[in-house]
Amino acid sequence: MHCVFIIIPAYNENEMLRATVEQFSLLDYTIVVVDDGSEIDQAFYLTGLQVTIIRHKINLGQGASLQTGNEYALKNGADFIVHFDADGQHSVVNIQALLA
């Protein structure tokens, strides 16, 4: 079985971030949220969910957040890395087709 990491950059997504991450609750993926210096620590909205949270102290932009997430995933054995938006615009059901 392949090790799949889902990288979600987040900046001030708040409640929408929780709804996005909850979509993955029944799937066997490693979820990594990179909080890019949000005004409110996004970990507050993810309490109780199985997710790794990495926080930038200041806003560095989406590219830096993706890079941080990618580096974490590669250091932790990722076979596949999928980038996923925090605002809910992507559908989890599309990931299987992407991986295939």
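Predicted, not measured: the structure shown is a model, and the values here were computed from it.

K.L.:
It is not clear to me how the pattern of salt bridges should be interpreted in this structure. Could you clarify?
P.N.:
Working definition: two side chains of opposite charge can pair if their charged atoms are close together. One pass over the full model with this rule turns up two salt bridges. Its salt-bridge partner being Arg18, residue Glu22 comes within 3.1 Å of it at the nearest N-O pair. Here the residue Glu22 and the residue Arg18 both occupy positions in helix H1 (residues 15-22), the gap between them amounting to four residues, near one helical turn. Classification of Glu22 by relative accessible area gives partly exposed; the value is 36%.

K.L.:
Just checking my understanding: could you explain the sheet that holds strand S4 (residues 80-83) for this structure?
P.N.:
Strand order across the open sheet formed by four strands is S3-S2-S1-S4, with parallel pairing between neighbours. Since the sheet does not close on itself, it has two edges, and those belong to strand S3 (52-56) and S4, each with one partner. The mean angle between the axes of side-by-side strands here comes to 20°, regardless of whether they run parallel or antiparallel. Alignment of strand S2 (residues 30-36) against S3, held across five bridges, turns out to be parallel. Note that in S3 the partner of Asp36 across the bridge is His56. Lying over the sheet, helix H2 (residues 62-75) contacts strand S1 (4-10), S2, S3 and S4, oriented at roughly 155° with respect to S1.

K.L.:
Can you help me understand the side chain of His56 in this one?
P.N.:
Locating His56 in the fold gives a position in strand S3. Here the side chain of His56 touches Thr68 through a polar contact of 2.8 Å, side chain to side chain. Residues contacting His56, with those up to four places away along its chain left out, are Val34, Asp35, Asp36, Gly37, Ala64, Ser65 and Thr68.

What counts, and at which threshold
Residues numbered from 1 in each chain as written. Predicted model: local features only at pLDDT ≥ 70, side-chain atom pairs only at ≥ 80, totals over all residues. Heavy atoms only, no water. Salt bridge = Lys/Arg side-chain N within 4 Å of Asp/Glu carboxyl O. Helix = DSSP H or I, 4+ residues; strand = E, 2+ residues; numbered from the N terminus. Buried < 20%, exposed > 50% of the residue type's maximum accessible area, 1.4 Å probe, protein only. Pairing = 2+ DSSP bridges. Axes fitted to C-alpha atoms, helices over the stretch in contact; angles between N-to-C directions. Contact = heavy atoms within 4.5 Å. Polar contact = N/O pair within 3.5 Å; in protein donor to acceptor, adjacent residues only side chain to side chain.

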